[in-house]
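Tertiary structure, described
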Amino acid sequence: MKTHILVATDGSDTAMRAVELASEIAAKFEVPLTVAHAMHFGRPPEELARMAEVEHLVEGAKARAPVDFPDVPDTMIGLFRDTRPGDESMRLVTMIGDELMERAAERAKELGVKSVSTRSVVDDPAEGILHVAKDVGAEMIVVGHRGLGRLKRAVLGSVAQKVLDHADCTVVSVR
Ligand SMILES: Nc1ncnc2c1ncn2[C@@H]1O[C@H](COP(=O)(O)OP(=O)(O)O)[C@@H](O)[C@H]1O
Ligand SMILES: [Mg+2]
């Protein structure tokens with residue numbers, strides 16, 4: 001392991017396990033780690049809303065970059081359901097993305113990674129991950145086997161599958 005590791009997170013618990021494995025490898029081999037998150041506006045907001053601690057993410061995001069959101073509803077589903085680029089709620093989606101990458105980066109530092117950066121993209125998640133991987137020259141991409149999707153199937157999630165199919169480098173999928 002000589003160059004760079006990329007880990008993709010959607011904020012799910014499985015993705016956090018991917019962050020932890022990627023961090024352990026990056027720390028051991030002393031290579032930089034990039035945390036990537038793809039924002040996909042207008043796509044399943046329910047996934048975002050299913051993040052266990054979404055309200056805490058919002059609180060964290062607001063604390064880091066104080067912006068007045070008119071009303072942060074009790075259930076985040078309503079807020080995200082119809083989010084489109086240009087919407088007010090888009091800023092919140094962006095900040096939640098930043099917040100979950102920040103959490104991943106903090107975990108990576110705790111686990112001893114010296115060089116950690118974050119990258120967010122607005123794209124189809126798999127395409128976005130592959131794009132960032134190329135851009136940073138990643139030698140390995142680490143993803144979760146599952147993400148925030150509703151289906152609790154045994155099969156690989158569709159984002160993970162697409163990354164695995166199209167990446168030029170090694171891909172590790174974490175259970
Ligand atoms: N929007 C995203 N940004 C970055 N990584 C993602 C995103 N969506 C999924 N991933 C990565 O892909 C893994 C598998 O998720 P996915 O294939 O979407 O499964 P599911 O169908 O269960 O949501 C996640 O653990 C994460 O590593
Ligand atoms: Mg998903």
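Here the structure is a predicted model, which is why all the values come from computation and not from measurement. (Residues numbered from 1 in each chain as written. Chains lettered and ligands numbered in written order. Predicted model: local features only at pLDDT ≥ 70, side-chain atom pairs only at ≥ 80, totals over all residues. Heavy atoms only, no water.)

Before going further, it helps to spend a moment on the site of ligand 1. The local shell around ligand 1 holds 21 residues, among which A8, R146, G147, G149 and V159 are the closest. Within the contact set of ligand 1, an oxygen atom lies 2.7 Å away from a backbone nitrogen or oxygen of R146. Burial of ligand 1 by the protein amounts to 96% of the accessible area it has alone, namely 560 Å². Counting residues per element, the ones that place at least two in the shell around ligand 1 are β2 (33–39), α6 (125–136), β4 (140–144) and α7 (158–166). Broken down by class, the residue content of the shell around ligand 1 amounts to 10 nonpolar, 9 polar and 2 charged. (Near = heavy atom within 4 Å. Polar contact = N/O pair within 3.5 Å; in protein donor to acceptor, adjacent residues only side chain to side chain. Areas by Shrake-Rupley, 256 points an atom, 1.4 Å probe, with all protein chains shown as cover. Helix = DSSP H or I, 4+ residues; strand = E, 2+ residues; numbered from the N terminus. Nonpolar A, V, L, I, M, F, W, Y, C, P; charged D, E, K, R; others polar.)

Take the pairing of strand β1 (residues 5–8) next. Here is the key point about a regular strand: its side chains alternate between the two faces of the sheet. By the alternation rule, side chains of β1 split into I5 and V7 and L6 and A8, which are all buried. Looking at chain direction, β1 and β2 are connected through 4 bridges and run parallel. In the strand pairing of β2, L6 is matched with T34. Handedness of the β-α-β unit built from β1, helix α1 (residues 13–29) and β2 comes out right-handed. (Buried < 20%, exposed > 50% of the residue type's maximum accessible area, 1.4 Å probe, protein only. Pairing = 2+ DSSP bridges. Right-handed = clockwise from strand over helix to strand, strands pointing away.)

Direction vectors running N to C along α6 and α7 enclose 40°, while the axes themselves pass 8 Å from each other. As judged from the angle between their axes, α6 and α7 are oblique. Relative to α7, the crossing made by α6 is right-handed. Of the residues in α7, those in contact with P125, A126, E127, I129 and L130 of α6 are V159, K162, V163 and H166. Its residues assigned to classes, the contact of α6 with α7 comprises 6 nonpolar, 1 polar and 2 charged. (Axes fitted to C-alpha atoms, helices over the stretch in contact; angles between N-to-C directions. Parallel < 35°, antiparallel > 145°, perpendicular 65-115°, else oblique. Left-handed = near helix turned anticlockwise from the far one by under 90°. Contact = heavy atoms within 4.5 Å.)

Attention now moves to the sheet that holds strand β5 (residues 170–174). The sheet built from 5 strands is open, its strands ordered β3-β2-β1-β4-β5 with parallel pairing. In this open sheet, the two strands that pair with only one neighbour each are β3 (116–122) and β5. Averaged over all pairs of adjacent strands, the angle between strand axes in this sheet comes to 25°, irrespective of strand direction. Helix-sheet contacts for α1 involve β1, β2, β4 and β5, and the interaxial angle to β1 is about 170°.

It is worth spelling out the pattern of salt bridges at this point. Within the structure shown, the criterion is met by 7 salt bridges. Note that R119 is salt-bridged to D135, the shortest N-O span being 3.1 Å. Here the residue R119 occupies a position in strand β3, and D135 occupies one in helix α6, the gap between them amounting to 16 residues. D124 is paired through a salt bridge with K162; the nearest N and O atoms lie 3.2 Å apart. Taken together, the residues span a long stretch of sequence, with D124 in the loop between β3 and α6 and K162 in helix α7 at a distance of 38 residues. For K162, a relative accessible area of 27% gives the class partly exposed. (Salt bridge = Lys/Arg side-chain N within 4 Å of Asp/Glu carboxyl O.)

Turning next to the nonpolar core. Counting residues in each nonpolar core, the largest one holds 22 residues, and the members touching the most others are I5, V7, L33, V35 and V142. Elements with a contribution of two residues or more to this core: β1, α1, β2, α5 (88–110) and β4. Tallying contributions element by element places α5 first for this core, with 7 residues. Setting aside anything within four residues of it in sequence, one finds V7 in contact with A18, V19, A22, L33, T34, V35, A36 and V142. Grouped together as the second largest cluster of nonpolar side chains are 18 residues, A8, V121, I129 and L130 included. (Core = buried A, V, L, I, M, F, W, Y, C linked by side-chain atoms within 4.5 Å.)

The subject of this paragraph is the confidence of the model for the protein chain. Residues at a pLDDT of 70 or more form 70% of the protein chain, whose mean pLDDT is 82. Predicted confidence for residues 70–77 stays below pLDDT 50, and this span has 12 contacts to residues more than four positions away or in other chains. (pLDDT = per-residue confidence, 0-100.)

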